[in-house]
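Single-letter residue listing:
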Amino acid sequence: EYILVATGHFPPRTIAVVFDKTGGSWWVVGDFSYWWHWGANEAEQFIELREIVHDGRKEIIVRDWGGVTGAAETCLSIYRMNSGSLYRIFRALEDGFHFIVGAGTSEYEHRILEYPDHDWNAPALLVARHLKRIGPAQKGVAIRVSRDCSVFRWDPSAFVFVENKAATPSLCSDHAPGSSR
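Residues numbered from 1 in each chain as written. Predicted model: local features only at pLDDT ≥ 70, side-chain atom pairs only at ≥ 80, totals over all residues. Heavy atoms only, no water.

Observations concerning the sheet that holds strand β4 (residues 47-54)
Here's step 1: Taken in spatial order, the 8 strands line up as β4-β5-β6-β7-β8-β9-β10-β11 in an open sheet, and their pairing is antiparallel. The open sheet has two edge strands, β4 and β11 (160-163), and neither has a second partner. Averaged over all pairs of adjacent strands, the angle between strand axes in this sheet comes to 30 degrees, irrespective of strand direction.
Here's step 2: Relative to strand β6 (residues 71-82), strand β5 (residues 57-68) runs antiparallel, the two being bridged by 9 bridges. The residue of β6 that forms the bridge with R63 is L76. (Pairing = 2+ DSSP bridges. Helix = DSSP H or I, 4+ residues; strand = E, 2+ residues; numbered from the N terminus. Axes fitted to C-alpha atoms, helices over the stretch in contact; angles between N-to-C directions.)

What follows is the structure, given as structure tokens:
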């Protein structure tokens, strides 16, 4: 597998093309692009490789930016190769901003993913720490802040990460679900 990442400046855009070699030929198995409100710092974070499920094999993390007037979101997706195809195995909102028309408030969300070390015989886990803040549209004190934490476990039979509520208390002990701080 190879990934070609290229950036052009007229118009500003970064693309990534994922190739896989099968039977002596190279095939495109995935392509991604980033152009919405393009910035050099975001372009560096557009594609990331990380060993998540098993040591020695890297998954592809892709950030997708988008929005409209009054709203902007960054979604994070994790992809994994299997039998010559690329599969999305996890997707979550990483950052989001929404202006709530008529209410005079704005909503901001941020999610941090953690990748705990795991034993080879144990399934991989993802820990998602989520912050949501709703406040006045103008600069001011937040009206409401909520935090929660979720754990996701690699399920090889489904070939995706699934929520694992049983692991949440131990891996999210500093985040009681729905707690405010």
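Some points on empty space enclosed by the protein
Here's step 1: All told, the structure shown has 1 cavity of 30 Å³ or more when counted by the stated rule.
Here's step 2: Reported here for the largest cavity is a volume of approximately 30 Å³.
Here's step 3: Lining the largest cavity are L76, A92, L93, E94, R111 and L113.
Here's step 4: Taken together, the elements giving at least two residues each to the lining of the largest cavity come down to β7 (85-100) and β8 (105-114).
Here's step 5: Of the residues forming the lining of the largest cavity, the biggest block, 3 residues, is contributed by β7.
Here's step 6: Looking at the lining of the largest cavity, its residues break down into 4 nonpolar, no polar and 2 charged. (1 Å grid on protein atoms, 1.4 Å probe; cavity = no way out; pocket = protein on both sides within 12 Å on 5 of 7 lines; lining within 4 Å. Points joined across faces, edges and corners; volume = space filled by probe spheres on them. Nonpolar A, V, L, I, M, F, W, Y, C, P; charged D, E, K, R; others polar.)

Quick word on the sheet that holds strand β1 (residues 2-9)
Here's step 1: One open sheet accounts for 3 strands, arranged β1-β2-β3; its pairing is antiparallel. Every interior strand has two partners, whereas the edge strands, β1 and β3 (25-34), have only one. Each strand of the sheet is rotated relative to its neighbour by a mean of 20 degrees, with strand direction disregarded.
Here's step 2: Pairing geometry for strand β2 (residues 12-22) and β3, over 9 bridges, is antiparallel. Counted as the bridge partner of A16 is F32 from β3.

With respect to the packing of aromatic side chains
Here's step 1: With the rule as written, the count across this model stands at 9 aromatic pairs.
Here's step 2: Summarising the aromatic geometry, the rings of Y87 and F159 are spaced 5.6 Å apart at their centres and angled 80 degrees between planes, so their arrangement reads as edge-to-face. Here Y87, found in strand β7, pairs with F159, found in the loop between β10 (144-155) and β11; they are 72 residues apart in sequence, far enough to count as distant.
Here's step 3: Among the aromatic residues, those joined into a cluster by ring pairs are Y87, F90, F152, W154, F159 and F161. (Phe/Tyr/Trp six-rings, centres within 6.5 Å; stacked < 30°, edge-to-face > 60°.)

With respect to the state of the cysteines
Here's step 1: Tallying each qualifying case throughout the model produces 1 disulfide.
Here's step 2: At a sulfur-sulfur separation of 1.9 Å, the disulfide partner of C149 is C172. Judged by the sign of its S-S torsion, about -55 degrees, the bond between C149 and C172 is left-handed. With a gap of 23 residues between them, C149 in strand β10 and C172 in the segment after α2 (168-171) connect regions that are remote in the sequence. Judged on exposure class, the residue C149 and its partner C172 are both buried.
Here's step 3: Unpaired in terms of disulfides, C75 finds its nearest cysteine sulfur in C149, a separation of 19 Å. (Disulfide = S-S within 2.5 Å. Buried < 20%, exposed > 50% of the residue type's maximum accessible area, 1.4 Å probe, protein only.)

Digging into the layout of surface pockets
Here's step 1: Here the largest pocket defines a volume of roughly 150 Å³.
Here's step 2: Taken together, R50, E51, I52, V53, H54, D55, Y115, P116, D117, H118, A124 and L125 form the lining of the largest pocket.
Here's step 3: For the lining of the largest pocket, the element with the most residues is β4, which contributes 5 residues.

Focus: the confidence of the model for the protein chain
Here's step 1: Averaged over every residue, the pLDDT of the protein chain is 89; residues scoring 70 or more account for 93%.
Here's step 2: The least confident element of the protein chain, judged by mean pLDDT, is α2 at 88; the most confident is β11 at 96.
Here's step 3: Taken together, the stretch residues 176-181 has pLDDT below 50 and engages in 14 contacts with residues farther than four places along the chain or on a different chain. (pLDDT = per-residue confidence, 0-100. Contact = heavy atoms within 4.5 Å.)

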